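Fold and contact review
One letter stands for each residue in the lines below.
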Amino acid sequence: MVDQKNPDWRIVITGVGLTSPNGNNLAEYRENLLQGKSGIEKIDIRYMGEVLAGVCNFDEFKYQKKKERRRGTRAGSVGIYCAHEAISDSGIEFDSFDKSRIGIYCGVTEHGNVETENEVFNISQYDYDVKYWSHHHNPRTVANNPAGEISLNLKITGPHYSIGAACAAGNLGVIQGCQMLRLKEVDMALAGGISESIHTFGIFASFKSQGALAWHEDPERASRPFDLDRNGIVCSEGGCLYTLERLPDAQKRGAKIYGEVVGYGVNSDAVDFVLPQPKGQTDCLNMALNNAGLKADDINIVNTHATSTPQGDIQECIAIRNVFGKSKNVWVNNTKSYIGHAMGAAGALELAGNLPAFEDKIVHPTINVDKLDPECALDNLVINQPKQIEQVNYILNNSFGMLGINSALIVKHFEI
Amino acid sequence: MTRDDVRNAVIRILADIAPDEDFDGLNDEEKLRDQFDLDSMDFLDIVMELRKRYNIEVPEADYERLVTMTSCIDYLQPLLKNQQMAS
C-alpha cells in the first residue's frame, strides 16, 4: 500500500502534454470529448489501401528542427512535442532545473516496426540490395528511441527508457515515473505513453487477420465500444506525457496540481497471447484499490480500456461488474470511442481526458452506442451524453494489453 | 556533368540532409563541417545519396575527399562526367 504518511511517497501530476486525434492540448481535447467530437478518418496505408485511423495534426516543427525530424522517428516527434508541452504546462523553471535529475519514461506498445517496414520497402526498390539499408535504422528502432529523442532534444541527462507493455504501456509509464520518484532516483519524471503505430501496415494487417480491425463507412462511427455492431479496433497515433513530482517539491514551488496518483495495480493473466481474461482484470482492479487503501464505492469514474472488439469489451465488463457491481455511484465511460486505440499512448491519453472531471464534475460519455450490447449493459455506463455528477474524488483508469498484461491506475482529486 | 553541375548536385543532397541550413553562402574551400551543422552520420547520408541518385560507390578510404566542396567536385566530377543531373 502507498505510504500516505510519508509526504515524499505522494506523487502528483503537475503538467500535461498531449497530442490526440481530436486535440493537441488538454483544453482542446477535453472540449472535444464533451462535444462528442471524434478524431477518426480514412487513410491510405502501404499494401492495404484504405483503413481507418486516428491521426494527430500537431506541429512537428514547433519544438524540433527539420534535420532532427528527418533523422528521428514519428514516435520521437510525438514524444518531443508532448514533453515540451508538459514542461511548459507545469510552470517549472526548466532552464535552472538539474537535468540529471529528470527521468523520461515512455510507454510503448511496440517500436521499430515503422522504420523496419520503411527500410524493407526502400531496399525493395533496389532489388533488395542491403547496401541501400539506412545507417539510421538502428538508432531509429532501438526500444528507447522516443525517450532518447526527448533526452537529446531537451538536453535531459537523467535516465530515459521505454516501458514495453503492449496497450497497457501508457499506465505503466506513469507507474514507472511514480516508482522512480519514490525511490528518489529522480526529482521530476516525464512519464506516460506514445504511439506511432498507424505508420506500420503490420499492425493493421495483423488485427485484420485476427478479425479485430474495425470498419465503418463513416470513420467517426467505427470505434464503438459496448455497441452491438462493434467490429474491432481503430488504430491511432498519439502521445501523452505528464510531469510528475513528489508532493513537497510541487507544493514548494506552488505548482498547479491536476491530481495525485494514489494507487495502481499491475498483473498478468498468464493464460493467452491475445484474449483478455476477466479474472486477471478483476484481480488487477482489486490490487489497485488495495494499493490505494480504497473501497470500490470510493471511485467515481472508471475509464474503461474497451477497444471495441466483440469479445474484449464483454470480458472487461465482467471484471467491472465483479468489482463495482454493487457500487451505485461509480460511473463508467470510454475514451477510445472518440480517438480510437492509441496503443502505447492509450492509458495516459485516456486518463488525461478524464482529469478535468475533478473540476467540472462531468463524466464524458462513450459515444457511438446505438444498440447497447446487453452483455455490456453496466448499470452506470455513461452513453452518448455527458453526465454531470456531484463529486469526483477518484478516477480509476484501466489499460490492458496483449500477452495478458493488466494495469489500473487511481488518481485522486488534490485538495489543498 | 560539368563542375557546376556536380556542385549543384552536391548542394541538392546537402539541402535534403540538412534542411535547416542555408547553403547560399557556401565557401567551396572551407570544410563543410566547419560551415554547417554536419556530423559523421550526415556524411554517411551523402555517401548513400550518391549511391542512390548516381550509382556511385565512395569507399571508406575516400570519405576524406568529401571534406570541402572543391574536394567533392574534384573527386566526383570524373565519376559523374557521363551522367545527367538527377531530377
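Residues numbered from 1 in each chain as written. Chains lettered and ligands numbered in written order. Predicted model: local features only at pLDDT ≥ 70, side-chain atom pairs only at ≥ 80, totals over all residues.

Some thoughts on the overall build of chain B
In plain terms, the rule: Working definition: helices are DSSP H or I runs of at least four residues, strands are E runs of at least two. Numbering for both runs from the N terminus. Only C-alpha atoms enter the radius of gyration, while the globule expectation follows 2.2 Å times N to the 0.38, with N the number of residues. Counting other C-beta atoms within 10 Å of each residue's C-beta, where C-beta atoms are placed from the backbone, gives the exposure class: buried for 20 or more, exposed for 12 or fewer, partly exposed between. Contact definition: two residues whose C-beta atoms, as placed from backbone geometry, lie within 7 Å.
Summing up its helical and strand segments, chain B has four helices and zero strands in all. Scanning chain B from its N terminus toward the C terminus, one meets helices and strands in the order α-α-α-α. The C-alpha atoms of chain B give a radius of gyration of 12 Å, which matches the 12 Å a tight globule of 87 residues would have. Principal-axis analysis of the C-alpha atoms places the extent of chain B at approximately 30 × 25 × 20 Å. Looking at the 87 residues of chain B, the share that counts as buried comes to 20%. Summarising the internal contacts of chain B: among those between residues at least 6 apart in sequence, 63% fall at separations of at least 24.

Describing the overall build of chain A
Of the regular secondary structure elements, chain A holds 14 helices and 15 strands. Computed over the C-alpha atoms, the radius of gyration of chain A is 20 Å, within 12% of the 22 Å expected from 2.2 N^0.38 for a compact globule of 416 residues. Scored against the burial criterion, the 416 residues of chain A give a buried share of 55%. Taking all contacts inside chain A whose residues are at least 6 apart in sequence as the whole, residues at least 24 apart take part in 79%.

Overview of the interface of chain A and chain B
The figure often quoted for interface size is the accessible area lost as the parts come together. Stated formally: Under the convention adopted here, Pro, Cys and the residues Ala, Val, Leu, Ile, Met, Phe, Trp and Tyr are nonpolar, Asp, Glu, Lys and Arg are charged, and Gly plus all remaining residues are polar.
Across the contact, seven residues belong to chain A and seven residues belong to chain B. Broken down by class, the residue content of the side of chain A that touches chain B amounts to one nonpolar, one polar and five charged.

Some remarks on the nonpolar core
Residues and elements named next belong to chain A. Stated formally: We define a nonpolar core as a collection of buried residues of the types Ala, Val, Leu, Ile, Met, Phe, Trp, Tyr and Cys that are connected via C-beta atoms lying within 7 Å of each other.
Residues Ala189, Leu190, Ala288, Leu349, Ala352, Leu409 and Ile410 are the most contacted members of the largest nonpolar core, which totals 118 residues. In terms of residues, this core owes the most to one element, helix H3 (residues 74-90), which gives eight residues. Sequence-distant contacts of leucine 409, that is, excluding residues within four places in its chain, are made with Asn171, Val174, Ile175, Val261, Tyr264, Ala288, Leu351 and Asn397.

Focus: the packing of H3(A) against helix H6 (residues 145-154) of chain A
Each pair of packed helices gets described by two things: the angle between the helix axes and the distance between those axes. Residues and elements named next belong to chain A. Put simply, the test is: Lines fitted to C-alpha atoms define the axes, with helix axes restricted to the stretch in contact, and inter-axis angles between N-to-C directions lie between 0 and 180 degrees. Roughly parallel means an angle under 35 degrees; roughly antiparallel means over 145; roughly perpendicular covers 65 to 115; every other angle is labelled oblique. The crossing is said to be left-handed when, going from far helix to near helix, the turn is anticlockwise and less than a right angle, and right-handed when the turn is clockwise.
Between H3 and H6, the least distance of the axes is 8 Å, while the angle of their chain directions is 50°. Here H3 lies oblique to H6, going by the angle between them. Read as a crossing pair, H3 and H6 show a hand that is right-handed. Contacts between H3 and H6 involve Ala75, Gly76, Gly79, Ile80 and Ala83 from the former and Asn145, Pro146, Ala147, Glu149, Ile150, Asn153 and Leu154 from the latter. Its residues assigned to classes, the contact of H3 with H6 comprises seven nonpolar, four polar and one charged.

Quick word on the environment of A:Glu28
Residues and elements named next belong to chain A. Assignment of secondary structure puts glutamate 28 in helix H1 (residues 26-35). A tally of 15 C-beta atoms within 10 Å means that glutamate 28 is categorised as partly exposed. Between the C-alpha atoms of glutamate 28 and asparagine 393, which are 365 residues apart in sequence, the distance is 23 Å.

Things to note about helix H4 (residues 69-80) of chain B
For the record, the criterion: To obtain the arc, one takes the directions from the helix axis to the C-beta atoms.
For H4(B), the set of buried residues is B:Met69, B:Cys72, B:Ile73, B:Leu76 and B:Leu80. The arc that holds the buried residues of H4(B), viewed along the axis, is 95°, so those residues lie on one side.

Quick look at helix H1 (residues 3-17) of chain B
All names here are of chain B. To keep it simple, the criterion reads: A helix is expected to span 1.5 Å for every residue after the first.
End to end, H1 covers 21 Å across 15 residues, agreeing with the expected 21 Å (1.5 Å per residue, within 8%). Val6, Ala9, Val10, Ile13, Leu14 and Ile17 are the residues of H1 that are buried. Viewed along the axis of H1, the buried residues span an arc of 135°, placing them on a single side of the element. Facing away from the buried side of H1 by more than 90 degrees, the exposed set consists of Asp4 and Ala15. Elements in contact with the buried residues of H1: helix H3 (40-54) and H4.

Structural notes on the pairing of strand E11 (residues 331-334) of chain A
Residues and elements named next belong to chain A. Here is the rule we go by: Each pair of strands is called paired provided DSSP finds at least two bridges between the two strands. A crossover gets the label right-handed when its path from the first strand over the helix to the second runs clockwise, viewed with the strands pointing away from the viewer.
Of the two faces of E11, both are covered, the one formed by Trp331 and Asn333 as well as the one formed by Val332 and Asn334. Pairing between strand E10 (residues 301-304) and E11: four bridges, direction parallel. Residue pairing across strands places threonine 304 opposite asparagine 334, the latter belonging to E11. In this view, the connection linking E10 to its parallel neighbour E11 by way of helix H11 (residues 310-324) has right-handed handedness.

Focus on the sheet that holds strand E7 (residues 235-236) of chain A
All names here are of chain A. Overall, mixed pairing links the three strands, which are arranged E2-E3-E7 in an open sheet. Of all strands in the sheet, those with a lone pairing partner are strand E2 (40-45) and E7, marking the two edges. Pairing geometry for E2 and strand E3 (residues 49-54), over six bridges, is antiparallel. What sits directly across from glutamate 41, in E3, is alanine 53.

Some details on the packing of helix H7 (residues 169-182) of chain A against helix H13 (residues 346-354) of chain A
All names here are of chain A. Here H7 crosses H13 at 80°, and the two axes come no closer than 5 Å. It follows from the interaxial angle that H7 and H13 lie roughly perpendicular. Where H7 abuts H13, its residues Ala169, Gly170, Asn171, Gly173 and Val174 lie against Ala346, Gly347, Ala348 and Leu349. When the residues that make up the contact of H7 with H13 are grouped by side-chain class, the tally is five nonpolar, four polar and no charged.

Points about the sheet that holds E11(A)
Residues and elements named next belong to chain A. Overall, mixed pairing links the 10 strands, which are arranged E5-E4-E6-E8-E1-E9-E15-E14-E10-E11 in an open sheet. The two strands at the open ends of the sheet, each matched to only one other strand, are strand E5 (160-164) and E11. Pairwise comparison of adjacent strand axes, ignoring direction, gives a mean angle of 25° for this sheet. Note that strand E4 (residues 102-108) and E5 share five bridges and pair parallel. Within the sheet, the bridge partner assigned to tyrosine 105 lies in E5 and is tyrosine 161. Where H3 meets the sheet, its contacts fall on strand E1 (11-19), E4, strand E6 (188-195) and strand E8 (238-246), and the angle it forms with E1 comes to roughly 130°.

Quick look at the pairing of E1(A)
All names here are of chain A. Among the nine residues that make up E1, nine are buried, leaving the element largely enclosed by the rest of the structure. In the sheet, E1 pairs with E8 via eight bridges, with the strands oriented antiparallel. When the bridges of E8 are listed, valine 12 appears paired with glutamate 245.

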